[in-house]
Amino acid sequence: MEGIETKIRETAKALFSEKKIDILIGHEKGSLVFHSRPVMIRDANDTERLVWNSFCTNNLAVYLPRFFEPKKPKKGEVPPPLPRVAVIAKGCDARSIIGLVRERQVPRQNLIIIGVPCEGMIDKSKLEKLLEGDFIASGSIKDGGTSITGFSGKRLDIKKEQVLLDACIECAFPVVEDADIAIAGTSRKPATEKYKTAKSFSEKSPAERWRYFAQEISKCIRCYACRQVCPNCYCKECFVEQTNPRWVSAGDDLSEKMVFHIGRVFHQAGRCVECDACVRACPVGIDIRTFTQKVAQDVKEMFDYCPGFSPEVSPPLCAYRLDDRQEFITEP
Amino acid sequence: MKQGILTLSELTKFIELLKTSYKVFAPVKKEEGVFFEEVNSADDIALGYYNSKLPPKRLFLPQCEVLCTFENGQLVEIPIADEKCAIFGMRPCDALALSRIDMVFDKEDLKDPYYLARRKNTVLLSLVCDKPLDTCFCTSVGGGPSSGDGSDIRMVHLGNRLLLEALTEKGESLISSAKQFLKKPKQSDLEEKEKIVAESEKKVPRIKVDGIKENLEKGFNLPLWSAIAERCLGCGVCTYLCPTCYCFDITDEVKGEKGKRIRTWDSCQYPLFTLHASGHNPRPSKTERMRQRIMHKFFYAVENFGRTFCVGCGRCVRSCPVNLDLRESIELITGNKACVSTRK
Amino acid sequence: MGAEEQTVTSQKVTAQSKNKTDGWKPKVVAFLCNWCSYAGADLAGVSRIQYRPNVRVIRVPCSGRINPLYIVKALQEGVDGVLVSGCHPGDCHYISGNLFARRKFAILKNYLTYLGIEPERVQFSWVSASEGTRFAMLIEKVISDIEKLGPAQKLVKEVSR
């Protein structure tokens, strides 16, 4: 891990000194134990702030569209040139970035994707669950193990594998394929069994599935954190905020919350890269993963499409085949 | 009767007594964290909790509240809550936050009947903090682990018993009604309480807020605001989890001839919050919105109400998906580069 | 106090209070594409082919025009079933509208079923302008499927206190 951190800093410094970039988006040390957070670097001297550890969970692609928003210049003035942005990208971040490139939110030629080998990120909520409600007061990581001490003084030693994010355990693309600069190192091996969460959920009875869906969605407080952290949710006006037509009202009826979540997941069809940023951002701990993964699985199985690669390929819902599946069509 | 000792073995009966006259809410441990919910018995209560995930303000200012119902163009009902409730075990910071919101919803000339009815019908039993977290900073913003502002009864957990102290008339009458379960506190109980409170106050991390109001007054156009807000995603979690945030939106929900007018939580961090019908937005980017949040809490509120509208509960710090730390922002503004002091 | 928990039980209570099973008649919304399915329905009418009246038709220019949210909203408003019908693949008046729609509906149908909504509540079909009899049979099938399921309870929104 430390070797990678040094290489990231060196790469960043070189990019700035060679004047190849204006901004670099990476991770820096957070203000709480076991937290890393996004940082925007604009100067070679700040590159020492960059870190790389098992807590660099944020999907940095979410910051890209705002740098490339078209700006209307004043009359007679030339619009300012678009910035050149470098991003420290794990496998999931890179796929989000390519997704944004495909949807023309971000110009590929202005991006430098620095692919970092990812061994999986630690899920802090799993750590807290092991502490049974206690919060993490201090902790350290070494040699594939994590040691944490809660505020009550209780100490636990755990293997890193036990507390990885579900998204990392089931990750099929840990290696960044389209990196402009690839930092050397070992990545996780891709998961062999894909869509485990969705598959095991499908095996439950419909009544059980509905009960679980209602139970999870009833926790929602409509804060829209899931939408804001998602790199794909860049619409200027989200469907929940439209008043003409009014798709969803602001109330806390369970039915309204369900329509919001069904709508949001459906809008991610063929676009969601399963980075789970939404799951981590949710303040009330809704199991969004069980729902987003199903649509990703269907898109793969029905249309043989996985988002995040080859920006020139049409997204699945903008394309068709004459022999698409239609076993669901009712024949009277 | 102003004080009493309740042994934890009697807690079940105490809760049962409360339930005869009140709906009792207490911290309940769930998989995702601790939440304030209605409890049926003392067994459901997580007495040794740190703080709840969502602030208990939602019991007074619900996430969605019906203001009135109408049918065929006629007003049908204005539902004002009249259920008596007891909140058992709220933390002093959250109780202090309620007294802050009282200043907004209970003015001389403007009173909010929905919120005030709930406040009137609720008795608050707050629980003194004996184990602050590293994200707490109540002592720096006018609060403290044993602050009594906003609560009717203050409870201190002393080993196998709770010391109850009435702070208001409502609290006094509740304690008197439960006197069959309460013993007179001994001098040693009171001394133990003082010890716990003093230790707790030492443990709460402090941040440097001196001069924040003046610096904010002068600092509206400082370039540091864009640095502070740069990684903000505008997700609104900070405002939803903040016990003193109270902004709301009012909308109508109509189906055919029937409808209701509802009030829901809103957040100044959303771009739609200040979007004008003309399309102009006076707070067009996250920079302006983040600046507004900090200004509101630490400057405008002090000007308008004489109090900081932050109680140092630390929920925004803990739950921000990008670890935007309010404490760091404050210290940037007050010009102090020193790190947040840690627990001893 | 107002801090009601939005649990499944509150949803169930609302539905039960509707008591729709007494004399309940299914209400099905049919989104029909103007060029084929709507014309097919017209043909059924002109030919005096009898079919159950429990269907409300909404004419759209093409099945590809259907936003999946229309289907979800319809279920939310309390209809017992939704039918979307378009031209046969290859015959779309707009060349490929129904082909895009086919993909959208495949995902939507799978997703709603995955969440636990009965698959027979949301149905899709292809009916051409000359298939009047087929349209009538389709309506009969859909309505009898919905009748077996009973009134819709999931996703239904009540605007009440």
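From a predicted model like this one, the values you see are computed outputs, not experimental measurements.

Re the interface of chain A and chain C
You'll often see interface size given as the accessible area lost when the parts meet.
Inference 1: With 54 residues of chain A in contact, the opposing surface of chain C contributes 44 residues.
Inference 2: Where chain A abuts chain C, roughly 4500 Å² becomes buried across the two surfaces, and 67% of that area is made up of carbon and sulfur atoms.
Inference 3: Run the count over chain A and chain C and you get three salt bridges.
Inference 4: Its salt-bridge partner being K157 of chain C, residue E256 of chain A comes within 3.2 Å of it at the nearest N-O pair.
Inference 5: Between chain A and chain C we count 20 residue pairs in polar contact (both at pLDDT 80 or more) in total.
Inference 6: For the side of chain A that touches chain C, the elements supplying multiple residues, two or more each, are helix 6 (196-202), helix 7 (206-217), helix 9 (254-267) and helix 11 (289-303) of chain A.
Inference 7: Ranked by residues supplied to the side of chain A that touches chain C, first place goes to helix 9 of chain A with eleven residues.
Inference 8: Grouping the amino acids of the side of chain A that touches chain C by side-chain chemistry returns 29 nonpolar, eleven polar and 14 charged.

Looking at the nonpolar core
Inference 1: Formed by 173 residues in total, the largest nonpolar core has its most connected members in L24 and L64 of chain A.
Inference 2: When residues of this core are assigned to their parent elements, the largest contribution, nine residues, is made by helix 4 (residues 97-115) of chain C.
Inference 3: Core analysis: the second largest hydrophobic core is formed by 28 residues, A26, I45, V123 and I175 of chain B among them.

Considerations on the environment of Y300 of chain B
All names here are of chain B.
Inference 1: Structurally, the position occupied by Y300 is in helix 9 (residues 286-305).
Inference 2: Owing to a relative accessible area of 29%, Y300 belongs among the partly exposed residues under this scheme.
Inference 3: When residues no more than four places from it in sequence are discounted, the contact partners of Y300 are F220, Q292 and M295.

Some details on the packing of aromatic side chains
Inference 1: Overall, the coordinates contain 31 aromatic pairs over all chains when judged by the stated rule.
Inference 2: Aromatic rings pair up to connect F201, W210, Y212, F213 and F291 of chain A together with Y111 and Y114 of chain C into one cluster.
Inference 3: Between K57 of chain B and the ring centre of W265 of chain B, over which it is positioned, the NZ or CZ distance is 4.6 Å.
Inference 4: The cationic tip of R291 of chain B hangs over the ring face of F220 of chain B; the distance from NZ or CZ to the ring centre is 3.7 Å.

Re the pairing of strand 3 (residues 81-86) of chain C
Every other side chain in a regular strand lies on the same face of the sheet, so the side chains alternate between the two faces.
Residues and elements named next belong to chain C.
Inference 1: With six of its six residues buried, strand 3 lies for the most part within the structure.
Inference 2: Both strand 1 (residues 28-33) and strand 3 contribute to a ladder of five bridges, which runs parallel. Looking across to strand 3, one finds that A30 is bridged to L83.
Inference 3: Across five bridges, strand 3 lies against strand 4 (residues 122-126) in parallel orientation. For L83, the partnering residue across the bridge sits in strand 4 and is Q123.
Inference 4: Between the parallel pair strand 3 and strand 4, the chain is carried across by helix 4, and the sense of this crossover is right-handed.

A word on the sheet that holds strand 1 (residues 3-7) of chain B
Residue and element names in this part refer to chain B.
Inference 1: Taken together, seven strands build an open sheet; the order of strands is 1-9-8-7-6-2-3 and the sheet is mixed. This sheet does not close on itself; its edge strands, each paired only once, are strand 1 and strand 3 (33-38). Strand after strand, the sheet turns through a mean of 25° between neighbouring axes, direction not considered.
Inference 2: Across three bridges, strand 7 (residues 122-127) lies against strand 8 (residues 153-158) in parallel orientation. Its bridge partner being in strand 8, L127 is matched across the sheet by M155.
Inference 3: Strands strand 1, strand 2 (23-30), strand 3, strand 6 (85-90), strand 7 and strand 9 (161-166) of the sheet are contacted by helix 1 (residues 11-21), whose axis makes an angle of about 150° with strand 6.
Inference 4: Lying over the sheet, helix 2 (residues 92-105) contacts strand 6 and strand 7, oriented at roughly 130° with respect to strand 6.

Notes on the pattern of salt bridges
Residue and element names in this part refer to chain B.
Inference 1: According to the stated counting rule, one finds 58 salt bridges over all chains in the structure shown.
Inference 2: The partner of R161 in a salt bridge is D189, with the nearest N and O atoms 2.8 Å apart. One end of the pair, R161, is in strand 9; the other, D189, is in helix 5 (residues 187-203), with 28 residues separating them in the sequence. Of the two residues, R161 and D189, both sit in the buried class.

Some words on helix 2 of chain B
Inference 1: Along its 14 residues, helix 2 of chain B runs 20 Å from first to last C-alpha, staying within 8% of the 20 Å computed at 1.5 Å per residue.
Inference 2: Most of helix 2 of chain B sits out of view: 13 of its 14 residues are buried.

Regarding unusual backbone geometry
Inference 1: The amide bond that connects N244 of chain A to the next residue, P245 of chain A, takes the cis arrangement and shows omega of 5°.
Inference 2: Here P245 of chain A is to be found in the loop between helix 8 (225-229) and helix 9.
Inference 3: A positive phi is found at N72 of chain B, a non-glycine position, where the angle reads about 55°.
Inference 4: Tracing the backbone through its elements, the reader meets N72 of chain B in the loop between strand 4 (64-71) and strand 5 (74-77).

Quick notes on the environment of I262 of chain B
Inference 1: Looking at the secondary structure, you find I262 of chain B in strand 11 (residues 258-265).
Inference 2: Once the C-alpha coordinates of I262 of chain B and S9 of chain B are considered, the two residues, 253 residues apart in sequence, prove to be 43 Å apart.
Inference 3: Among all residues touching I262 of chain B, those that are not within four sequence positions of it are A250 and G251 of chain A together with C64, E65, V66, L67, D249, I250, T251 and E253 of chain B.

Regarding the domain arrangement of chain A
Inference 1: Considered domain by domain, chain A is made up of domain 1 (1-119 + 174-192), domain 2 (124-163) and domain 3 (193-332).
Inference 2: A C-alpha centroid distance of 32 Å is found between domain 2 of chain A and domain 3 of chain A.

Notes on the sheet that holds strand 1 of chain C
Residue and element names in this part refer to chain C.
Inference 1: Strand order in this open sheet of four strands is 2-1-3-4, and the pairing throughout is parallel. Single-partner strands in this sheet number two, and they are strand 2 (55-60) and strand 4. Strand-to-strand twist across the sheet, computed as the mean angle between neighbouring axes with direction ignored, equals 20°.
Inference 2: Direction of pairing for strand 1 relative to strand 2: parallel, over a ladder of six bridges. Along strand 2, the bridge assignment pairs A30 with V57.
Inference 3: Across the sheet, helix 3 (residues 68-76) lies against strand 1, strand 3 and strand 4, angled at about 150° from strand 3, the strand it touches most.

Reading guide: rules and limits
- Residues numbered from 1 in each chain as written.
- Chains lettered and ligands numbered in written order.
- Predicted model: local features only at pLDDT ≥ 70, side-chain atom pairs only at ≥ 80, totals over all residues.
- Heavy atoms only, no water.
- Contact = heavy atoms within 4.5 Å.
- Buried area = accessible area lost by both parts, 1.4 Å probe.
- Salt bridge = Lys/Arg side-chain N within 4 Å of Asp/Glu carboxyl O.
- Polar contact = N/O pair within 3.5 Å; in protein donor to acceptor, adjacent residues only side chain to side chain.
- Helix = DSSP H or I, 4+ residues; strand = E, 2+ residues; numbered from the N terminus.
- Nonpolar A, V, L, I, M, F, W, Y, C, P; charged D, E, K, R; others polar.
- Core = buried A, V, L, I, M, F, W, Y, C linked by side-chain atoms within 4.5 Å.
- Buried < 20%, exposed > 50% of the residue type's maximum accessible area, 1.4 Å probe, protein only.
- Phe/Tyr/Trp six-rings, centres within 6.5 Å; stacked < 30°, edge-to-face > 60°.
- Lys NZ or Arg CZ within 6 Å of the ring centre and 35° of its normal.
- Pairing = 2+ DSSP bridges.
- Right-handed = clockwise from strand over helix to strand, strands pointing away.
- Axes fitted to C-alpha atoms, helices over the stretch in contact; angles between N-to-C directions.
- Expected span 1.5 Å × (residues − 1).
- Domains from an automatic or database assignment.

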